[in-house]
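In case you want the letters, here they are:
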Amino acid sequence: MSNRLENANPVIFQRSGERLLTASEEDEDVHDPIDEREIFDILQSINDPEHPLSLEELNVVEQVRVKVDDPGNTVGIEFTPTIPHCSMATLIGLSIKVKLLRSLPDRFKIDVHITPGSHASEDAVNKQLADKERVAAALENSSLLEVVNQCLSTRNI
Amino acid sequence: MATDCPLLLGLVEEFVSGLVDSKAKDAAAGSTLTSDYFVVISPPCLTSSQPHTRARGVQLLSEVLSECSGSLTEKEVLPPGSAVSILRSLFQDVHVQSLMLVERACVYNMLLNLMATRETELKSLGSDFVFGFVQSMDGERDPRNLLLAFQIASNIIHQGYDLGKFAEELFEVTSCYFPIDFSPPPNDPHGITKEELILALRAILTGTSKFAEFLLPLIIEKVDSDVQSAKLDSLQTLAACVSQYDHKDLAEFLEGLWTSIRREVFHTSSEKIEAAGLSALTALTSCVSRSVLSSDSEDCLSTFLNLVIKDCKHHLSEPDLRLVWPSAKLLQAACSASIRASHIITAAVMPSLIEQYNSRTQCSHRRTLLEVGQKFVQSLNVSLLTEENALSPYRSSLCSIVFSALSETNDSLEITATQLLTSLAQQQGLLEESDIELAVDHLTKLLLTEEDERVVAAVDCAGALAALHPGQFISKMIPRLRIEIVDFVCVIGMVRQRCLSALASVSSQPIIIQQSTPVLLELISAAHTGSVPFTVEDVVLACRSLQRIAEQVQDTEDTGRCFHDIIIPRLLSLALQAALQGEDAPRPSPLVEESVLSAMVPVISTSCSRLQPKLAEETAFKAVSLFLNGNVSFLPDNSFPSNIQLLKGDCWRQSQMVCLLMACVCSSPRTVEVPHLDELLSALEELSCSSSHTLSYTSAAKCFAGLINKRSPGAALDSLIQRTVKRVFSELESPNSTVHFQVFTLMIWVAKALLIRYHPQSTALTDKLFSLLDDADLGWVAADGFSLLMSDSSDILNKACHADLRIMYRQRFFSENSKKLVQGFHAATERKPNYLKALSNIVNKLPKQVQVTELPALLSLLLEALSCPDLSVQLSTLSCLEPVLVDPPPALIQQLEALVSRLLALTSSPAMVVRIGSLRCIHALSHFPAHEILPFRARVLRALAKPLDDKKRLVRSEAVRARGEWFLLGSPGGR
């Protein structure tokens, strides 16, 4: 990582509150489908690699950019790097992907890509993230895994 | 005695040369006189050329000294002057830091010792003492010794030793440890913490203003460093030290300090550092505010504040409001320091804030400005205010802002405006009558038309305003609310609910209560007669509002009269009218419903528990005569028949009213005498053992227990208890009895009443309870009974009811009885789950400290309980395990295998609460020492894949959290 921050003064967004508990969620017999908000709640706490802020606070992930098809077993995420030349885009995408792999049942096919038009080398990053073997290989690399794990650690200040 | 001298000298020499260990010590300690000689002869061994000898000499000297001061404090053992001679030779001849750890500790202890006993002598040494000490502690590294050395230094400063020209030396030798950076090794047996060292050092550095010129530059330097903990410590030290300083000490550093604080608040990511910075600024400002103005010098408060204002104010008016919060917080911190500061800052900031607000058009900006304004008003310390409020010049413009914001359509703007109004209202004497009138209008409108959060804010605001300006509320708001509540039949339930809570919220002054409670009583009475079709919920809400009023109103004779003379008789009368209606009444009154009666109980018991014993006594007298003799003369609307017998239990509608009797007689202060007590007790016992209506017999048992708990000890009480116990036991043992449950209920309540006051006869009852665990019919209920014994009940036998309640009764009960449970469990054959349930009920209510110490003995039982098929046992065991897992005792780690496999099995339980509980425990397990749990990682991750696809969202989210933590375990960058 270079010593200079690429985006030293990012715009910070307000965090959404806790999901409100509904009566049906407390009812034993109702089946709650996995929905967009649930996926978003999984992702919102991921830390940014550069800032002591979460991806939600930087508006990198948004609930409207999460697509879920629970019966069809697919999840699609679009994430928006804070600046078009962000060199961390791949790393952020990888963190999102790993977090979902760890948090979702393995029946889901997970697709993570950059919001169209928000990054200079969009296609290259998308291709890397979609390639299963490259993702697996990246996670074999212990220094890369270390950074990803740091992004996924719960913050305690 | 002189003959002792050579002998002793010999012994000392032997000792110091390392030949004999204990004789010299014994000799010195054994005789008081010898210590005189000892002191005379010991200095030579300190000057010995052998380092080893000197070390032993120091050790011996220290031990002898502590012996002297420890056992013979009343006698001055050391001859005058000897302390000085010891110290002189110590400081001159011993190079303390070349000694071993233990011997250095001896030196410090010796100094502490002498400081405690020989203060005047040491002070006569003057600054030489300080110099000697500085030399001996210079270079100390061991935290244990440092704590001692810090103690000495702090004594030097706080007990007024002469620092002379060595102030800087003393500062140097201590401040080199600042900021403390120490992390104790794992399993540190000495238990020294970083906090201890920090506080000890802070006491020295902040102790005297002589250090100011050295400390302040050091603080600036450390705040500017990159280490977070150093910043925090420095800012806290700064806040602590300026309280001792004069503004002259600060003058030359003010600018540097301000720059550092400003930078930290503007740029930090840590809330702790921000808070420390702000409180340092407040402390600085209040120190500068203490300065006395002289005619020729400049006013350093206004100089300093001008600096603050110059750096912060422009941020408040920047177009994107980016740094508005940090700047506002800094200004508010300075503002809250003193009256003068608040005047200066308000005058500088308020006009521009008001102007900004009026010129902005975006709602979010206006809201931010409004919030800033609110925080400013809040920061004006109410206790500081004198006749002239700093806000007075801006009252009218602030009010017009608030009222214009209140009529906007934007939710959050309205909420913030209400909060600002609340803060303004809390400033004594600021708002004028016309403002209040407008405010009341706006609030009433909000209450009636808006929904959700805005109403909550409006209700709070109304409460704050009403406490200071009751007049407007009586004349305008309450009549309006009354119309909404009672007259508008068709209003939706939500509005009525809001009006009720608003009514409760404004009723904090006696004068308002006299207007507001009649409205609530009118509702209850209309519900009874059926003139307005109120539901049971409406009546319950009205009772809740009455309860809230009873809780929050000032405890005066007037309010007590209002409750005891009007409200309680009225409630009793309405309930009695409802109870006397026969089955054939056209429309059953809601007032016979259990939920309504249970809501009335706290209204009565709260007002009886207030500190008006005379009134409570009157009410108790009236209630007892009503229930025992059917005396209805004190009730309003008196058209009752003359032969009322409420405690006879023939009709459940009448007998259930005993819960109101309980509220009247069981919650008053202990000095209140209940009339006809024996007669009342036997009637209650009879009702509780014979009625078949649950609310009736339970309330009778509770009332009985409540009275027994407060009855003064003595033969009368003992024989009464014996009689009851005998009756209970014989009923329980007779197989044909039809009142098992009734008698059991009485037993458990009496047991609780006696247990919490440590009455010796409680043991008979609790032992019976333990034996009932093995009973076929009552075993399960008995296990549940333990939860009743251990928890606080809301309506009776608690502190608010003035019950005789010893705070440690749970621990005591547990330590006396846990063995019985374990034995019973092992002896039982079929009904083991009852024991587990009883155990989890008991353990659940114990404080965590007790749980942790008792856990090893019970661990096997708790693990057993995890695999018990009963859901409630699993659940309560999980909930008592979870806090223990945060800081696991070693005994638990040895049982890890059993724990993990049982918890994992529970993640597929049919009950979602159990699944959630077990996942939380598994989450907590991930923070155990890594080497202990690493072997389980793969297994846990595999097992947690299943709950990720649970059908309940709440379970899934716990699984996600737990699995995420276990993935990080043992992985690079993780844990």
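Please read these numbers as outputs of a predicted model, since none were measured by experiment.

**Q** Any chance you could explain the overall build of chain A here in plain terms?
**A** Scanning chain A from N- to C-terminus turns up six helices and three strands. Going from the N terminus to the C terminus, chain A shows its helices and strands as α-α-β-β-α-β-α-α-α. A total of 157 residues make up chain A; the buried ones form 46% of that total. A fraction of 66% describes how many contacts in chain A between residues 6 or more apart in sequence connect residues 24 or more apart.

**Q** Just checking my understanding: could you explain the overall build of chain B for this structure?
**A** Secondary structure summary: chain B contains 49 helices and zero strands in total. Out of the 975 residues belonging to chain B, those deemed buried represent 57%. Across chain B, the fraction of contacts at a sequence separation of at least 24, relative to all contacts at a separation of at least 6, is 74%. As presented, chain B carries roughly 40,800 Å² of accessible surface, and 53% of it is formed by carbon and sulfur atoms.

**Q** Please explain the environment of Gln92(B) as it appears in this structure.
**A** Examined against the element boundaries, Gln92(B) turns out to sit in helix α5 (residues 82–93). Sequence-wise, Gln92(B) and Gln135(B) are 43 residues apart; in three dimensions their C-alpha atoms are separated by 9.9 Å.

**Q** Explain the environment of Phe825(B) to me, please; I cannot follow it from the model alone.
**A** Residues and elements named next belong to chain B. Along the polypeptide, phenylalanine 825 turns up in helix α40 (residues 809–827). A residue is classified by how much of its surface remains accessible, and phenylalanine 825, at 5% relative accessible area, is buried. Distance in space between the C-alpha atoms of phenylalanine 825 and leucine 773 is 9.7 Å, their sequence separation being 52 residues. With near-sequence residues (within four places) excluded, phenylalanine 825 lies in contact with Lys832, Tyr835, Leu836, Leu861 and Glu864.

**Q** Just to check I follow, could you spell out the packing of aromatic side chains for this structure?
**A** For any pair of aromatic rings, geometry is given as the distance between the ring centres together with the angle between the planes. All names here are of chain B. As enumerated under the stated definition, the model contains nine aromatic pairs over all chains in all. Centre to centre, the rings of phenylalanine 171 and phenylalanine 211 are 5.2 Å apart; their planes meet at 55°, and the pair counts as tilted. With phenylalanine 171 in helix α10 (residues 167–175) and phenylalanine 211 in the loop between α11 (194–205) and α12 (212–223), this pair connects stretches of sequence that are 40 residues apart. Both residues of the pair, phenylalanine 171 and phenylalanine 211, belong to the buried class. The rings of Phe91, Phe129 and Tyr161 are connected pair by pair, giving a single aromatic cluster.

**Q** Got a minute to help me understand a negative patch on the surface in this structure?
**A** All names here are of chain B. Taken together, the side chains of Glu168, Glu169, Glu172, Glu213 and Glu252 present a region of like negative charge at the surface. Take the negative patch: its biggest share by element is three residues, from α10. For glutamate 252, the position within the fold is in the loop between α14 (247–250) and α15 (254–267).

**Q** How should I be thinking about the interface of chain A and chain B in this particular structure?
**A** Interfaces are often described in size by the accessible area the parts lose on coming together. Each side of the interface is counted separately: chain A has 35 residues, and chain B has 23 residues. Contact between chain A and chain B buries roughly 2,300 Å² in total, counting both sides, with carbon and sulfur atoms accounting for 48%. Contact with chain B buries surface across chain A, with Glu28(A), Asp32(A) and Arg102(A) losing the most and accounting together for 27% of the total. The tally of links between chain A and chain B comes to six salt bridges. Here Glu38(A) and Arg956(B) are joined by a salt bridge, their closest N and O atoms 2.7 Å apart.

**Q** Quick question: what am I supposed to make of the side chain of Gln654(B) here?
**A** Residues and elements named next belong to chain B. Structurally, glutamine 654 is set in helix α32 (residues 652–655). Residue classification places glutamine 654 among the buried residues on the basis of a relative accessible area of 18%. Setting aside its immediate chain neighbours within four residues, glutamine 654 contacts Ala579, Leu580, Gln645 and Leu646.

**Q** Please explain the pairing of strand β2 (residues 74–79) of chain A as it appears in this structure.
**A** Residue and element names in this part refer to chain A. Note: strand β1 (residues 66–69) against β2, four bridges, orientation antiparallel. The partner of lysine 67 across the bridge, within β2, is glycine 76. Linking β1 to β2, which pair antiparallel, is a turn of four residues; within it asparagine 73 sits at a positive phi near 60°. One ladder, built from six bridges, connects β2 with strand β3 (residues 109–114); its direction is parallel. Within the sheet, the bridge partner assigned to glycine 76 lies in β3 and is aspartate 111. Taken together, β2, helix α3 (residues 89–103) and β3 constitute a β-α-β crossover, and its handedness is right-handed.

**Q** Looking at this structure, I do not really get the packing of helix α27 (residues 510–529) of chain B against helix α28 (residues 536–552) of chain B. What am I missing?
**A** Packed helices, taken two at a time, are described by the angle their axes make and the gap between the axes. Residue and element names in this part refer to chain B. Two elements in contact, α27 and α28, have axes separated by 9 Å at closest approach and are oriented at 155°. For the element pair α27 / α28, the angle class is roughly antiparallel. The element α27 and its partner α28 pack so that their crossing is left-handed. Residues Ile513, Ser516, Thr517, Leu520, Leu521, Leu523, Ile524 and Ala527 of α27 pack against Asp538, Val539, Ala542, Cys543, Ser545, Leu546 and Ile549 of α28. Per-class residue counts for the contact of α27 with α28 are 11 nonpolar, three polar and one charged.

**Q** How should the pattern of salt bridges be read in this particular structure?
**A** Here the idea is simple: oppositely charged side chains can pair when their charged atoms come close. If you walk through the whole model with that rule in mind, you get 54 salt bridges over all chains. The salt bridge involving Glu38(A) is made with Arg953(B); its shortest N-O contact spans 3.0 Å. One end of the pair, Glu38(A), is in helix α2 (residues 36–44); the other, Arg953(B), is in helix α49 (residues 953–968), on a second chain. Measuring nitrogen to oxygen at the nearest pair gives 2.6 Å for the salt bridge that ties Asp435(B) to Arg395(B). Placement of Asp435(B) in helix α23 (residues 433–449) and of Arg395(B) in helix α21 (residues 395–406) is noted, with a sequence separation of 40 residues between them. On the basis of relative accessible area, Asp435(B) is assigned to the buried category, the value being 8%. Of the residues examined, Arg395(B) reaches a relative accessible area of 17% and is grouped as buried. When salt bridges with common partners are traced through the structure, they connect Arg19(A), Glu25(A), Asp35(A), Glu38(A), Arg953(B) and Arg956(B) into a single cluster.

Reading guide: rules and limits
Residues numbered from 1 in each chain as written. Chains lettered and ligands numbered in written order. Predicted model: local features only at pLDDT ≥ 70, side-chain atom pairs only at ≥ 80, totals over all residues. Heavy atoms only, no water. Helix = DSSP H or I, 4+ residues; strand = E, 2+ residues; numbered from the N terminus. Buried < 20%, exposed > 50% of the residue type's maximum accessible area, 1.4 Å probe, protein only. Contact = heavy atoms within 4.5 Å. Areas by Shrake-Rupley, 256 points an atom, 1.4 Å probe, with all protein chains shown as cover. Phe/Tyr/Trp six-rings, centres within 6.5 Å; stacked < 30°, edge-to-face > 60°. Patch = residues over 30% accessible without salt bridge, like charges linked within 9 Å, V, L, I, M, F, W, Y side chains within 5 Å. Salt bridge = Lys/Arg side-chain N within 4 Å of Asp/Glu carboxyl O. Lys, Arg positive; Asp, Glu negative; His and termini not counted. Charge placed at Lys NZ, Arg CZ, Asp CG, Glu CD. Buried area = accessible area lost by both parts, 1.4 Å probe. Pairing = 2+ DSSP bridges. Right-handed = clockwise from strand over helix to strand, strands pointing away. Axes fitted to C-alpha atoms, helices over the stretch in contact; angles between N-to-C directions. Parallel < 35°, antiparallel > 145°, perpendicular 65-115°, else oblique. Left-handed = near helix turned anticlockwise from the far one by under 90°. Nonpolar A, V, L, I, M, F, W, Y, C, P; charged D, E, K, R; others polar.

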